[in-house]
Amino acid sequence: MTETLPQSVLFCCDHNAVRSPMAEGIMKKFYGTDTYVQSVGVKNDLEIDGFSIAVCAELEVELSRHRSRSFDEMEQWGDDLSSFDLVIALSPASQRRALELTRFFHLEVEYWPILDPTGLGETREAKLVQFRAARDQITERLIDRFGPPVDAS
């Protein structure tokens, strides 16, 4: 199935703290290092969310070292947007930003409407349920788009 995998994928959402880091981590776990995977946010005003770290750890996906960054920082750090084969936007604001950037670069942009779990649920357990729902939506979309996870061992 690897012929369906692009060489490079950029996931983006609003803050690069919940959905896009989950997508980046899960994609790396599922499909190994054959695809270069990064994630960014429209803004990077938040650190990676602890609930994202917790629900991804359930899949043995390590997110605690993730450092949030924005589109602007990505460009400042020399990661050229035009070098990505596919941009997957997980929020309406990030889709708008990605589409703005495609005026300058020829990029394929896909929009995956993934639930934003932040602010949902009153208790820790209720919050985890919402974050798991977002994680599972991402997992489903990845498998639909790129096929079953490859055994990286």
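Rules and cut-offs
Residues numbered from 1 in each chain as written. Predicted model: local features only at pLDDT ≥ 70, side-chain atom pairs only at ≥ 80, totals over all residues. Heavy atoms only, no water. UniProt positions renumbered as here; feature names shortened; annotations may be inferred. Helix = DSSP H or I, 4+ residues; strand = E, 2+ residues; numbered from the N terminus. Core = buried A, V, L, I, M, F, W, Y, C linked by side-chain atoms within 4.5 Å. Buried < 20%, exposed > 50% of the residue type's maximum accessible area, 1.4 Å probe, protein only. Contact = heavy atoms within 4.5 Å. Arc of directions from axis to C-beta. Polar contact = N/O pair within 3.5 Å; in protein donor to acceptor, adjacent residues only side chain to side chain. Axes fitted to C-alpha atoms, helices over the stretch in contact; angles between N-to-C directions. Parallel < 35°, antiparallel > 145°, perpendicular 65-115°, else oblique. Left-handed = near helix turned anticlockwise from the far one by under 90°. Nonpolar A, V, L, I, M, F, W, Y, C, P; charged D, E, K, R; others polar.

Chemist: Explain the UniProt feature "domain: Phosphotyrosine protein phosphatase I" (unreviewed entry) in the chain to me, please; I cannot follow it from the model alone.
Modeler: UniProt's feature table lists "domain: Phosphotyrosine protein phosphatase I" (unreviewed entry) at residues 7-148, given in the numbering used throughout. The span residues 7-148 is 42% helix and 14% strand, and its two end C-alpha atoms sit 17 Å from each other.

Chemist: Before we go on, may I ask you to explain the nonpolar core in this structure?
Modeler: Where a protein is soluble and globular, its nonpolar side chains tend to be buried together. Judged by nonpolar contacts, the single largest core of 30 residues is most densely connected at F11, M27, L142 and F146. Counting only elements with at least two residues in this core, the list comes to strand 1 (8-13), helix 1 (19-31), helix 2 (50-57), strand 3 (86-89) and helix 5 (124-146). Apart from the residues within four sequence positions on either side, F11 is in contact with S20, A23, E24, M27, V37, Q38, S39, V40, I88, L90, W112 and L142. Residues C12, F84, V87 and L107 belong to the second largest nonpolar core, which totals 12 residues.

Chemist: Where do I start with helix 2 in this structure?
Modeler: Note that an α-helix has 3.6 residues per turn; residues three or four places apart therefore point the same way. For helix 2, every residue scored as buried is listed here: F51, S52, V55 and C56. Here the buried residues of helix 2 occupy an arc of 125° about the axis, which is enough to place them on one side. In the core, the buried residues of helix 2 are packed alongside helix 1 and helix 5. Taking the backbone nitrogen of F51 as reference, a side-chain oxygen 2.7 Å away marks D49 as the first, capping residue of helix 2.

Chemist: Looking at this structure, how should I read the packing of helix 2 against helix 5?
Modeler: Between two packed helices, the angle of one axis relative to the other and the distance separating the axes together describe the packing. Across the interface, helix 2 lies against helix 5 with an axial gap of 9 Å and an inter-helix angle of 65°. Our classification of the angle between helix 2 and helix 5 gives roughly perpendicular. For helix 2 against helix 5, the interelement crossing comes out right-handed. Between helix 2 and helix 5, the residues in contact are F51, S52, A54 and V55 and R124, K127, L128, F131, R132 and R135, respectively. Tallied by class, the residues present in the contact of helix 2 with helix 5 amount to 5 nonpolar, 1 polar and 4 charged.

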